[in-house]
Amino acid sequence: MKRVKNKYILIAIVFAVSFLTQAAYAQKTQTMLQKENLKGKVKSVRVTNERDFYIKVWFDKTGKISKKEESRVDMIVIWDNYIYDEKGRLISISVYSEDNPTEKSEVTYKYLNDSVRESYNGTDKYDERGNCILEIRQRGQGYEHLERIYNQNNQLVEAFSHNGLERLNIWKTDSDGKRAYEVTEWVEPMKRNHVFFEYNKFGDVSLITLKTENGYTMLNKTGTMIYNGYDSAGNWLEQIRPGDLSRGDYDIKNNYRMYHEMYDTYLDGFHITRVIEYYE
């Protein structure tokens, strides 16, 4: 494997990184800790699921991520050497497996301005508070758009995906009412996967509601999150997700990930526990 470096755009990457840094854009009003809804002087958080897979994320004293480790079926993947620019924006990360530490790839980012970031797999757009409001990813011959809406507490309250503006062909006639011709108009996209989120008093997502492709209510589905135990800082220690999230209901599970895949401390599963270490 060849180590690849590029100042702006990732040319090659060894591992498929699906949701590593979607929340890593430097926040103007939030630290990375706050974006993860972690309270207090958190040094690290280790997240484990019912299958004993885990993710561990380390933070520096300013609230930036400094390292991440994730167990997978056949390896442990490590992200480190987090480098930020003078504005606190993430510009590169090293990625490698624990059993091959010398064989690394570098994920890099290019910022077009304060609100748009390009990476190897697409473009992200952020609002003035640093929340990711739009992701555009290439899917086959087209592009998938994922839009997010936040409340004043920077909590995601609505998310939906679409393929861009919808094409509408309209037949018209000339002034004599004889000759017909076709006109193409582009209209607002349909909200194909439309999901809503509600929160408890600790700021943790507590209810997920999924609607059908067109936003109608006849196929509404909901899932309730249960939290068993919080520490003195207000961070949850045990989370029980709705059975549908991990037991075959693709719609609920897939759209729940619209929320949690923004976060570096997200781990798939049904029964999740956390061990949190704090700075003194």
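These numbers come from a predicted model, not from an experiment.

1. Some remarks on the overall build of the protein chain
So, step 1. Tallying secondary structure elements over the protein chain gives 3 helices and 20 strands in all.
So, step 2. Roughly 14,900 Å² of accessible area belongs to the protein chain as shown, and the carbon and sulfur atoms make up 49% of that amount.

2. Here's the deal with the pattern of salt bridges
So, step 1. All chains considered together, the criterion is met by 9 salt bridges.
So, step 2. Two residues, Asp-85 and Arg-89, come together in a salt bridge whose shortest N-O distance is 2.8 Å.
So, step 3. Close ionic contact of Arg-137 with Asp-124 constitutes a salt bridge, the shortest N to O distance being 2.7 Å. Linking Arg-137 in strand E10 (residues 132-139) with Asp-124 in strand E9 (residues 122-126), this pair joins segments that are 13 residues apart in sequence.
So, step 4. Under the relative-accessibility criterion, Arg-137 is labelled buried at 6%.

3. Quick notes on the packing of aromatic side chains
Aromatic rings considered in pairs are described by the distance between their centres and by the relative angle of their planes.
So, step 1. A complete count under the given rule lists 3 aromatic pairs for this structure.
So, step 2. Ring plane angle 15° and centroid distance 3.8 Å describe the contact between Phe-202 and Tyr-230, whose orientation is recorded as stacked. With Phe-202 in the loop between strand E15 (193-199) and strand E16 (205-211) and Tyr-230 in the loop between strand E18 (226-227) and strand E19 (238-240), this residue pair connects regions lying 28 residues apart in the sequence.
So, step 3. The class for Tyr-230 is partly exposed, based on a relative accessible area of 23%.

4. Some remarks on the side chain of Asp-80
So, step 1. Summarising the element assignment, Asp-80 is placed in strand E4 (residues 76-84).
So, step 2. Despite its burial, Asp-80 remains without a salt bridge, the nearest opposite charge being carried by Lys-104 at 4.4 Å.
So, step 3. Separated by 2.6 Å, the side chains of Asp-80 and Tyr-96 make a polar contact.
So, step 4. Apart from the residues within four sequence positions on either side, Asp-80 is in contact with Ser-66, Lys-67, Ile-93, Ser-94, Tyr-96 and Lys-104.

5. Re unusual backbone geometry
So, step 1. Its identity is not glycine, yet Asp-52 carries a phi of approximately 70°, on the positive side.
So, step 2. For Asp-52, the location among the structural elements is in the loop between strand E1 (42-48) and strand E2 (54-59).
So, step 3. Since its relative accessible area comes to 63%, Asp-52 is described here as exposed.

6. A short note on the sheet that holds E18
So, step 1. If you trace the 9 strands from one edge of the open sheet to the other, you get E6-E5-E4-E3-E2-E1-E20-E19-E18, paired in antiparallel fashion. Whereas interior strands pair on both sides, the edge strands pair on one side only; in this sheet they are strand E6 (105-108) and E18.
So, step 2. Here 6 bridges tie E1 to strand E20 (residues 271-278), and the two strands are oriented antiparallel to one another. Following the sheet pairing, Arg-46 is matched in E20 by Val-275.

7. Structural notes on the nonpolar core
So, step 1. Grouped together as the largest cluster of nonpolar side chains are 40 residues, with contacts concentrated most on Phe-59, Leu-156, Phe-197 and Val-205.
So, step 2. When residues in this core are grouped by element, the largest group, 4 residues, is from E4.

8. Some points on the confidence of the model for the protein chain
So, step 1. With 76% of its residues at a pLDDT of at least 70, the protein chain reaches an overall mean of 79.
So, step 2. Element-level pLDDT for the protein chain is lowest in helix H2 (residues 243-246), with a mean of 54, against a maximum mean of 98 in E1.

9. Some words on the pairing of strand E3 (residues 65-71)
So, step 1. Within E3, 5 of the 7 residues are buried, which leaves the element mostly enclosed by the surrounding structure.
So, step 2. Taken together, the 5 bridges between E2 and E3 define a ladder with antiparallel strand orientation. By the bridge assignment for E3, Phe-59 is matched with Ile-65.
So, step 3. Here E2 folds back onto E3 in antiparallel fashion, the turn holding 5 residues, of which Gly-63 has a positive phi close to 95°.
So, step 4. The pairing of E3 with E4 spans 4 bridges and is classified as antiparallel. By the bridge assignment, Ser-71 is partnered in E4 with Ile-76.
So, step 5. Connecting the antiparallel pair E3 and E4 is a turn made up of 4 residues.

10. Brief notes about the sheet that holds strand E17 (residues 221-224)
So, step 1. Spatially, the 9 strands line up as an open sheet ordered E7-E8-E9-E10-E11-E12-E15-E16-E17, and their pairing is antiparallel. A strand with exactly one partner marks an edge of an open sheet, and here the two such strands are strand E7 (110-111) and E17.

11. Notes on the environment of Pro-242
So, step 1. Mapping Pro-242 onto the fold places it in the loop between E19 and H2.
So, step 2. Expressed as a C-alpha distance, the spacing of Pro-242 and Met-225, which sit 17 residues apart in the sequence, is 6.2 Å.

12. As for a negative patch on the surface
So, step 1. Among the surface-exposed residues, Asp-74, Glu-98, Asp-99 and Glu-103 lie close enough to one another that they form a single negatively charged patch.
So, step 2. Looking at the secondary structure, you find Asp-99 in the loop between strand E5 (90-97) and E6.
So, step 3. Taking relative accessible area as the criterion, Asp-99 reaches 56% and is therefore assigned exposed.

Rules used in this analysis
- Residues numbered from 1 in each chain as written.
- Predicted model: local features only at pLDDT ≥ 70, side-chain atom pairs only at ≥ 80, totals over all residues.
- Heavy atoms only, no water.
- Helix = DSSP H or I, 4+ residues; strand = E, 2+ residues; numbered from the N terminus.
- Areas by Shrake-Rupley, 256 points an atom, 1.4 Å probe, with all protein chains shown as cover.
- Salt bridge = Lys/Arg side-chain N within 4 Å of Asp/Glu carboxyl O.
- Buried < 20%, exposed > 50% of the residue type's maximum accessible area, 1.4 Å probe, protein only.
- Phe/Tyr/Trp six-rings, centres within 6.5 Å; stacked < 30°, edge-to-face > 60°.
- Lys, Arg positive; Asp, Glu negative; His and termini not counted.
- Polar contact = N/O pair within 3.5 Å; in protein donor to acceptor, adjacent residues only side chain to side chain.
- Contact = heavy atoms within 4.5 Å.
- Pairing = 2+ DSSP bridges.
- Core = buried A, V, L, I, M, F, W, Y, C linked by side-chain atoms within 4.5 Å.
- pLDDT = per-residue confidence, 0-100.
- Patch = residues over 30% accessible without salt bridge, like charges linked within 9 Å, V, L, I, M, F, W, Y side chains within 5 Å.
- Charge placed at Lys NZ, Arg CZ, Asp CG, Glu CD.

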